[in-house]
Structure formats: structure tokens, C-alpha cells
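Letter by letter, the chains look like this.
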Amino acid sequence: METSRGWVVVGIDNGGTSNNATILDASGRFLVDRLVEMPSLVTEGPEMAVDAMAEALDNVLALTGTPPNAVRGVGLDTPGPASAAGVISSKGATNFAQPAWRGFDVRGALEARLGLPVIYNNDANAAALYAHHVRFGANAAGHSSISAIVGTGLGGGVIEAGRVVKGAAGMAGELGHVQIPMYGLLAEGQPLPACNCGFVGDAESVASLTGIERNLLPYWLTRFENHELSRIADPKEAAKLVRAYGEREDPLALKIFEQQAIAIGRLFTIAANFFDPDTYFLGGGVVETTPRFRQWFLGMVREHTALREEQARVATLALVPDLDMAGARGAAIAALEALQAPVRARTSL
Ligand SMILES: [Zn+2]
């Protein structure tokens, strides 16, 4: 098979409960068109988790009938915070709670386990890279984009000339922790929203599930007394339900999503002046919804993204495609590019 199809790279998207794996051949074609998931075992600690990544790789090879010797490299993405070289933050991370994860070199450990080069990105950067490549294809290197992905937090990625901007410490593209103006966003008497990172009034403090739980829902429940959501005891559960209420045009939920859309629009306005990208990608729960609610939300984001006339003529607001597969696919693209341009890749690690 290696002679007929050439060599391949494997992309592994590591998450809290599962690893999703994909295969990309040297011509840039994905050999898998769906989720191929295996348990990630991250809660069992690094050793078990690295074994689980190797199993995810073996599994996707077996599934596609790809011989192991065709694999020339592996792209790995995990949730952060982690360094550009794939070392988990010394303070730990939400997904990597066990103490053994602190400061653990997950990229290096997988590389040693497999005996293959492993190219690392955080999950939001991998998804951003995939979105960019789907949109621009062979012209990826001629364009720039940013991606904002709303989930538990607000993940981000910045792509310049087709490549992930990683930054000196690996912390470029942390769009969630960019502070945005709160004037005109908050209602009268609404407390300043706080973020887990210690900032007040950053994008994630509003535009994330955590932002709903900690900041937006507690305030709006005081303004809509006797709302059904006030009877849900667990704040996490209540926060998760807000989107379904939004889809039914519940006034409280619409207030919350309006504030999220304004926050994202203001974040994109900062990006416009800082970076001026071709495309602003938006992904996550806020747009994985009914077409009607998505259009309403995107319209609101567009309304609050202040572009100059010249920018508005060339820039586009678009959705991150295939979000559930975007991490694995972006990780694979990064690996393929690193192997095809080894000198540039080495300087970016
Ligand atoms: Zn923050």
C-alpha cells in the first residue's frame, strides 16, 4: 500500500473523554470521513493516556487498512494550557487534573512511545488551521484568518500565511483572554464579569459556557424572576440549558446570547485593527444550533464587528466546518506541513 498510496500522517485529537484519530495522505487527502473515537484515559494519568493515544493510532490504521510503516509522522492536539512544544502547564489544566500531568511533556512522551516525529498544537489552534485550509485550500499560504470557538471556555487560533501563529511562549491566539470594552454591553447594575484566568471583562468571561454559568445567568435570573431556570439547582446544568431556551426565543436566553454576540463582535473588532484577517471563523455551541437561531446570532456578531469600509469589502465571517473532526484534521495538516517543510517546521517548534 505504501507504494500505491505513498506515506501518511495520523492526526490525534486528545479530549477529556476520548481521542479522535484521522489519517491524511501525502497528497492532502483524508482517508477517514467520520469520527474514529477511542477512550482517552486522561484521568488515569499521563502513562495510561499516552498508551491510549498509541492505541487510537493503531485503531485508525487497522480501520483503514493502512500499514504502520506508511506513517511518517503524527499530529497531536490537546486542550491547553500547554507550551508550543506540548508541555502541559506547570499549574495543571482543567482536562489534566492529576498532579503527574503538571509540566508533563506530552508531545515528547508520545514521540518516544511511537518512535515517530510528533507535531503538537493546542486544540483551538488545530481547529483554526483546519478551518483555514478548508476555506482556502491550495491558496492557504496566501491568506490569514482568526477563529473563535465557544465552548466551556473561548478557544482561539490565529493563522497567518497558512500557518499557526504560536508566539514566543506558545500563547498566541488566546482570544478568550483578550479584554474587551464592557461599556454598552453590560446592563445597568450588572456586575463586571470575571474569568478563570483572573481577568475581568475579557471575551471568555462573557462568551463561554463558564461565562453563562458564573456571570450572565446569575445576573439575568435576578431580572427575570420566577424563570424556569431558577429552579435548576446545579448552575452548570442550568447554564447548559440556556441555548435550548434561546432556540425557543426565550427573552432571558436571548439577552444572554445577545451579550455573547456583542462580546465576539468586539473581539473581532480588536482583531480587525490588530491583524486584519481575510476570514473571521466562529465555531462551537452558539452556532451548532437551529439555522434560524444561528442566523440571528451571526447577524448580531456581524452588527457588532466594526470593520472599516476597505476591510468589509474583503473580509468574511464564516463557520468553523466539521467542528467535531476539526482538531484531528488540523493536527494532521500541521504534521503534514512540518514533514514537507522540515526547516521551517523546526524553527516553529
Ligand atoms: Zn480570561
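Here the structure is a predicted model, which means the values were calculated and not measured.

(A) Examining the environment of I212 more closely. Looking at the element boundaries, I212 is found in helix α6 (residues 209-223). Classification of I212 as buried rests on a relative accessible area of 4%. With 28 residues separating them in the primary sequence, I212 and K240 have C-alpha atoms 8.6 Å apart. Leaving out residues up to four positions away in the same chain, I212 has contacts with V206, L217, P218, A239, V242, I256 and Q260.

(B) Looking closely at the coordination of the zinc ion. The zinc ion binds to the protein through H177 (ND1), C195 (SG), C197 (SG) and D202 (OD), with metal-donor distances spanning 1.9 to 2.3 Å. Here the zinc ion binds 4 donor atoms, and the angle range of 104 to 116° at the metal identifies the geometry as tetrahedral. On the primary sequence, the residues serving as donors to the zinc ion are separated as H-x17-C-x1-C-x4-D. Take C195: its relative accessible area is 7%, and that puts it in the buried class.

(C) Quick look at the packing of helix α7 (residues 235-247) against helix α8 (residues 251-274). Between α7 and α8, whose axes approach to 8 Å, the crossing angle comes to 105°. The angle between α7 and α8 places the two elements in the roughly perpendicular class. On α8, the residues touching V242, R243, Y245 and G246 of α7 are A253, L254, I256 and F257. Of the residues belonging to the contact of α7 with α8, the class tally is 6 nonpolar, 1 polar and 1 charged.

(D) The arrangement of the sheet that holds strand β1 (residues 8-14) in detail. One open sheet holds the 5 strands; their spatial order is β3-β2-β1-β4-β5, and the pairing between them is mixed. The two strands at the open ends of the sheet, each matched to only one other strand, are β3 (37-39) and β5 (118-122). Each neighbouring strand pair of the sheet contributes to a mean axis angle of 25°, computed without reference to strand direction. Here helix α4 (residues 123-136) sits on the sheet and contacts β1, β4 (71-78) and β5; the angle it forms with β5, its principal contact strand, is near 100°.

(E) Structural detail: the sheet that holds strand β7 (residues 154-160). Pairing in this open sheet of 5 strands is mixed, and the strands run β8-β7-β6-β9-β10 from one edge to the other. Every interior strand has two partners, whereas the edge strands, β8 (163-164) and β10 (316-319), have only one. One ladder, built from 2 bridges, connects β7 with β8; its direction is antiparallel. Its bridge partner being in β8, I159 is matched across the sheet by V164. Sitting on the sheet, α4 is in contact with β6 (145-150), β7, β8, β9 (279-284) and β10, with an inclination near 50° to β7.

(F) Representation of the side chain of N20. The residue N20 is located in strand β2 (residues 18-25) in this model. Of the polar contacts made by the side chain of N20, one reaches the backbone nitrogen of V36; its length is 2.8 Å. When residues no more than four places from it in sequence are discounted, the contact partners of N20 are G11, I12, D13, R34, L35, V36, E37, D324, M325 and A328.

(G) Looking closely at the packing of aromatic side chains. Across all of its chains, the model carries 9 aromatic pairs by this definition. For the ring pair F30 and Y130, a centre distance of 6.3 Å and an interplane angle of 80° mean the geometry is edge-to-face. Of this pair, F30 sits in the loop between β2 and β3 while Y130 is found in helix α4, placing the two residues 100 residues apart along the sequence. What makes Y130 buried here is its relative accessible area of 4%. Measuring from centroid to centroid gives 6.3 Å for W220 and F224, while their planes differ by 50°, and the two rings are tilted.

Calculation rules
- Residues numbered from 1 in each chain as written.
- Predicted model: local features only at pLDDT ≥ 70, side-chain atom pairs only at ≥ 80, totals over all residues.
- Heavy atoms only, no water.
- Helix = DSSP H or I, 4+ residues; strand = E, 2+ residues; numbered from the N terminus.
- Buried < 20%, exposed > 50% of the residue type's maximum accessible area, 1.4 Å probe, protein only.
- Contact = heavy atoms within 4.5 Å.
- Donors = N, O, S within 2.8 Å, 3.2 Å for Na, K, Ca; no water.
- Tetrahedral: all angles 85-135°; square planar, octahedral: opposite > 155°, others 65-115°.
- Axes fitted to C-alpha atoms, helices over the stretch in contact; angles between N-to-C directions.
- Parallel < 35°, antiparallel > 145°, perpendicular 65-115°, else oblique.
- Nonpolar A, V, L, I, M, F, W, Y, C, P; charged D, E, K, R; others polar.
- Pairing = 2+ DSSP bridges.
- Polar contact = N/O pair within 3.5 Å; in protein donor to acceptor, adjacent residues only side chain to side chain.
- Phe/Tyr/Trp six-rings, centres within 6.5 Å; stacked < 30°, edge-to-face > 60°.

Geometric descriptors of this kind do not, in isolation, establish any biological role.
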